[in-house]
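If you want the building blocks of each chain, they are given just below.
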Amino acid sequence: MPSPAREVDAATPPRAAGELLAPPAPHRLTDVVPAPAQVQPDPTGDWVLPAEAVIAANADPAVLAVAAQLAELLRPATGYPLPVVHAASRPLPVADAASRSLPVTDTAAPVGGIALLLDEAAGLGAEGYRLDVTRDGVRLTAGTATGLFHGVQTLRQLLPPAIESPTPVTARWALPGGTITDTPRFPYRGAMLDVARHFFAVEDILRVVDHLARYKLNHLHLHLTDDQGWRIAVDSWPRLTAVGGATEVGGGPGGHYTKADYQRIVSYAAARHITIVPEIDLPGHTNSALVAYPELAPDKIAPPPYTGTEVGFSYVDPADERTYDFIADVLGEVAALTPGPLLHIGGDEAFKVKGEVYTGFVERVQRIVADLGKTVVGWHQLAPAGHVDGRVLQWWGTNADDPTTADAVRRGARLILSPGNHAYLDMKYAPDTPIGHDWAGLIDVRKAYDWDPGTHVSDVPTMAVLGVEAPLWTESVTSLADIEFLLLPRLPAIAELGWSPRATHDWADFRDRLAGQGPRWATAGITFHRAPEVPWPNTPTIPTQRDTTQTDTATA
Ligand code: TNX
């Protein structure tokens, strides 16, 4: 497994004195992933973040929270105090005493600072933002705090990669001048993590949330249950986790999330403008539930726990009313913990529940979800079942000619696109990739990038496409480093398909912008795959410890 590329490249010659004196040009305004909708560079507007900069924000709690997040992103590497102040005039009651003595400006766009401003009339929609970098400072404008949050991710990428350093470094914190106006192509942009095949600690999930946030993804789908383990606490059926949660692929100890754990994930994600989509996979992929509650099994006999990687053998009894009590209880408790509107009921690979028995089962479960006030999502195997308001199908096929799904769309379903041969993050990059599958083919970065969610499935109009999702199944994935290795650099490719206008689609351009992310990941200590088709910079940026004899103005 490649480890983060942090080692110092001993072969690099010392830089010439002239090179050190000449300030490096800031990044180009276009060096952003996902590609922004509109970029108007203004070379006369380059700006360098000064040590005394303030972050001014509207006196709206959600905006102030984004301002605080921006400050937290910039403080470790810069070592600057970056106090958050009201854009109006008054300083905030910040705990940090040093910040109270700093001058507070009266203007909405303080000279020498960064302003975060809500402007509902700016026409930027639910998630868009505008970023203006001028010689006087930076102004981020959006109609929502979510838009400002996405703008902060752009701002972060426009600073030198050393901004990712967890400790102070000496750098010229330059931003390229100009204006970015940016809104997403699709409203749903997500990733999925299978925590059932292997269990992952809450901290690992929070770190995945951070990776999603960087690339403006807004949904994290958690595959919470499968044959090998049940991962979410359900008070009314406690053996699901006590018994069903104690296994995983390969015979490891498994684990589960308490309700408090799950709520921690939900609120951490919400603070990053990401919605959790919980999945309870039904009627198949249920061996762990059957081990815990044999009454749900068709033969009422507890199967042995399963720690292999086959699929399609287990199912809850669709002919027993007790099964629907179970489902109503489980979905009720999960819905109550989940503020987001979507509830995923799986539906895939239930090979032993066929025809009308399957569609009848799905229709009943869809009604249970609707009665809970949630919108149902399921894998596209749900397609033949009757429509229910708002229903969303997650398409994971590899043959885009799928009349059954197209027909469900005609009956009102919307689609999330996760084509197995482009978006599946558990597929190997190349034959020698040490982990992952290849049943849907090999997926290198170009394969992940070169498709169009808007036109991918035959006879499905772009209007019916809610967005994209990159699933990561974890049969062969056992650590956070494994997760990151498969996620990066393919997740940004899927993120760009979900966010950027189709007109920006260009492999050569994407490849070059993606290459610029490598030094950021390396500096932040994030594992990634050095995909050979991406021109990664030869020398990863090595954060140098801040030289305290050198002042910021000397380097600026
Ligand atoms: C198919 S994709 C599955 C999963 C496996 C995955 C492995 C889908 C809805 N079902 O159960 O983990 O393949 O790639």
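The text that follows walks through the structure, step by step, so that each part is easy to find. Since the model is a prediction, treat every value here as computed from it, not as a measurement.

Secondary structure summary: the protein contains 18 helices and 19 strands in total. Counting over 556 residues, the protein shows a buried share of 57%. When the accessible area of the protein is evaluated, it comes to approximately 20900 Å², of which 55% is carbon and sulfur surface.

Turning to the sheet that holds strand β9 (residues 178-182), a few remarks are in order. Each strand in a sheet pairs with its neighbour through backbone hydrogen bonds, running either in the same direction (parallel) or in the opposite one (antiparallel). Across the sheet, which stays open at both edges, the 7 strands sit in the order β1-β9-β6-β7-β5-β3-β4 with mixed pairing between neighbours. Each of the sheet's edge strands pairs with one partner strand only, and the pair in question is β1 (38-41) and β4 (84-86). Strand-to-strand twist in this sheet, taken as the mean axis angle between neighbours without regard to direction, amounts to 15°. On top of the sheet, helix α2 (residues 61-78) reaches β3 (55-57), β4 and β5 (113-118); it is set at about 155° to β5, its chief contact.

Another point: the pairing of strand β14 (residues 275-282). Of all 8 residues in β14, 7 are buried; the element is thus mostly enclosed. As judged from the 5 bridges shared by strand β11 (residues 219-223) and β14, these two strands associate in the parallel manner. Counterpart to Leu220 in the pairing with β14 is Ile276. The pairing of β14 with strand β15 (residues 342-346) spans 2 bridges and is parallel. Bridge pairing in β15 links Glu279 to His344.

Of all residues adjacent to the ligand, which total 14 residues, the nearest are Arg197, Tyr424, Asp426, Trp439 and Glu475. One of the side-chain nitrogen or oxygen atoms of Asp348 is found 2.9 Å away from a nitrogen atom of the ligand. Here Asp426 contributes a side-chain N or O atom positioned 2.6 Å from an oxygen atom of the ligand. Its free accessible area being 360 Å², the ligand has 97% of it covered by the protein chains. For the shell around the ligand, a count of residues per class yields 7 nonpolar, 2 polar and 5 charged.

Basis of the calculations
- Residues numbered from 1 in each chain as written.
- Predicted model: local features only at pLDDT ≥ 70, side-chain atom pairs only at ≥ 80, totals over all residues.
- Heavy atoms only, no water.
- Helix = DSSP H or I, 4+ residues; strand = E, 2+ residues; numbered from the N terminus.
- Buried < 20%, exposed > 50% of the residue type's maximum accessible area, 1.4 Å probe, protein only.
- Areas by Shrake-Rupley, 256 points an atom, 1.4 Å probe, with all protein chains shown as cover.
- Pairing = 2+ DSSP bridges.
- Axes fitted to C-alpha atoms, helices over the stretch in contact; angles between N-to-C directions.
- Contact = heavy atoms within 4.5 Å.
- Near = heavy atom within 4 Å.
- Polar contact = N/O pair within 3.5 Å; in protein donor to acceptor, adjacent residues only side chain to side chain.
- Nonpolar A, V, L, I, M, F, W, Y, C, P; charged D, E, K, R; others polar.

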